[in-house]
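Notes for the structure review
Here is how the chains run, residue by residue.
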Amino acid sequence: AFFAENLFRFGRLSVTPGVRLENVWQSVKENLNLDKTTVPLADESVYDFVALGGVGVDYEAVDDVHAYTNFSQGYRPMIFTQAVPNGTNQVVNEDLKEGRSWQMDAGLRGNPVPYLSWDVGYFYMEFEDQIGSALINGLSSVQNVGDARHQGVELALEAKVGDLGVFYNAMFLDAEYVGGPFTGKTPQYASDFIQKAGVEYRWQDKVKARLAGTFTDEHFANDSNSLAFLVPSYKVWDLTLEAKVYKDTVSVFGGINNIFDE
C-alpha cells in the first residue's frame, strides 16, 4: 500500500487530508485435496487495486479543548478461503465483490488540567457488500451478505493523582443490517456496549502495575442471530506489570490474563 497525508494549520484550525492506494495480490494453487472428488482443484489468482481517501479536521475551541471530526473510506478484500472454495460443501458466488465501508466521527476532547483528560464522540459507519456465508441447498455459499450500519458513542476519561491513575473507556453501539438477506439482524460480534476500566500505579518511573477490566454485553457469533451462537455477557480482568531492570535499556514485562478466572 502507498499512503500520503499532509497537515495544514490555520491558527486554531487544522485540516489533514490523506489518500491510501491499496494493492493486493493473492494466488492459491491446490496440489492435493482429498475432500474434492467432483470439482477441480483450485488454481486462482486475484489482484485488487483500490484508492481510499480521508480527511480530519481539528479546531481548538478554547484553550485545551478541541472539537474534531473525521471522514474516511475503508476496504475489505476477499481472502483465500473466500476467493476459492476449499471444501466439498462450499461454493463461492461468482459475482462476489470486495466489502467497502466509510465512516465518520465527531466529538470533543480536552486536557484542562495536567491530571485530567477526557474525550467524547459520536461515530457512524456503513459497510457495503459484507462478505459472509449462507446455507443454500445444503451447501455453504460464500457471498455478499448485505449492507450494515453501525453508530454509537465513545467515551474516555483518565485521571492521575500522584503515582496513581484511574481510567474509564466505553463504546455504546447500535448496529444492524440494513440491506441483504439479514436485514434487521445484528452483525456478528456487535455487542450493545464494551466498557473498560481500571487502575494504574507507577513507582519512581521504574515500576508500573495495571489492573484493567473489560465488560462486554451479550452478542451473536453469526449474522443470522441463531440462539446456538449467542455469546453471554462477560467480564475479564487482566493484571500487567512492567519493571525497568537497567536504566531505560532493559525492562521486564509480565502479566496474568483473566486473573479472576471468569
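The coordinates are above.
Overview of the structure. (Residues numbered from 1 in each chain as written. Predicted model: local features only at pLDDT ≥ 70, side-chain atom pairs only at ≥ 80, totals over all residues. Heavy atoms only, no water.)

Concerning the nonpolar core
Put simply, the rule is: Here, nonpolar core means buried Ala, Val, Leu, Ile, Met, Phe, Trp, Tyr and Cys residues that are tied together by side-chain atoms lying within 4.5 Å of each other. Remark: exposure states derive from per-residue accessible area (1.4 Å probe, protein chains only) relative to the maximum for the residue type, with buried under 20%, exposed over 50%, and partly exposed in between. We count a stretch as a helix when DSSP gives it H or I for four or more residues in a row; a strand needs E for two or more, and each element gets its number in order from the N terminus. Residues count as neighbours in contact if any of their non-hydrogen atoms are within 4.5 Å of one another.
Of all hydrophobic cores here, the largest spans five residues; its members are F123, M125, L173, A175 and A190. Those elements giving two or more residues to this core turn out to be β8 (116-136) and β10 (164-179). Excluding residues within four positions of it along the chain, M125 makes contact with W102, Q103, A148, R149 and H150.

A few points about the side chain of E22
Rule in force here: Definition of a polar contact: a pair of N or O atoms within 3.5 Å, with one able to donate and the other able to accept a hydrogen when the atoms are protein atoms, and with sequence-neighbouring residues admitted only if both atoms are side-chain atoms.
Residue placement: E22 occurs in strand β3 (residues 13-29). Side-chain polar atoms of E22 contact the side chain of R20, separated by 2.7 Å.

Description of the layout of surface pockets
This is how the line gets drawn: A cavity, in this analysis, means grid points on a 1 Å lattice covering only the protein atoms where a 1.4 Å probe fits yet has no way out; a pocket is instead an open set bounded by protein on both sides within 12 Å along at least five of seven lines, and a residue lines either one if it has an atom within 4 Å of a point. Grid points are joined across faces, edges and corners, and a volume is the space filled by probe spheres set on the points. Under the convention adopted here, Pro, Cys and the residues Ala, Val, Leu, Ile, Met, Phe, Trp and Tyr are nonpolar, Asp, Glu, Lys and Arg are charged, and Gly plus all remaining residues are polar.
Taken as a whole, the second largest pocket encloses approximately 290 Å³ of empty space. Lining the second largest pocket are 18 residues, and of these F127, Q130, I131, Y177 and Q188 lie nearest its centre. Of all the elements in the fold, those that place two or more residues in the lining of the second largest pocket are β5 (65-76), β7 (99-113), β8 and β10. The greatest single-element share of the lining of the second largest pocket, amounting to four residues, is contributed by β8. Residues belonging to the lining of the second largest pocket are distributed by class as follows: eight nonpolar, six polar and four charged.

Observations regarding the pattern of salt bridges
Note the following rule: Salt bridge criterion: a side-chain nitrogen from Lys or Arg within 4 Å of a carboxyl oxygen from Asp or Glu.
As enumerated under the stated definition, the model contains 12 salt bridges in all. When the shortest N-O distance is used, the salt bridge between E176 and R149 registers 2.8 Å. Remark: R149 occurs in strand β9 (residues 139-161) and E176 occurs in strand β10; sequence separation between them is 27 residues. When its relative accessible area of 11% is taken as the criterion, R149 is described as buried. Measuring nitrogen to oxygen at the nearest pair gives 3.3 Å for the salt bridge that ties K235 to E262. With K235 in strand β15 (residues 234-246) and E262 in the segment after β16 (250-256), this pair connects stretches of sequence that are 27 residues apart. With a relative accessible area of 52%, E262 lands in the exposed category. Among the charged side chains, a network of salt bridges with common partners joins R149, D174 and E176.

Details of unusual backbone geometry
The backbone of Y189 sits at a positive phi, close to 65 degrees, despite the residue not being glycine. You can see Y189 is positioned in the loop between β10 and β11 (193-203). Its relative accessible area of 54% is what places Y189 among the exposed residues. At K247, a residue that is not glycine, the phi angle is positive and equals roughly 50 degrees. Classification of K247 by relative accessible area gives exposed; the value is 61%.

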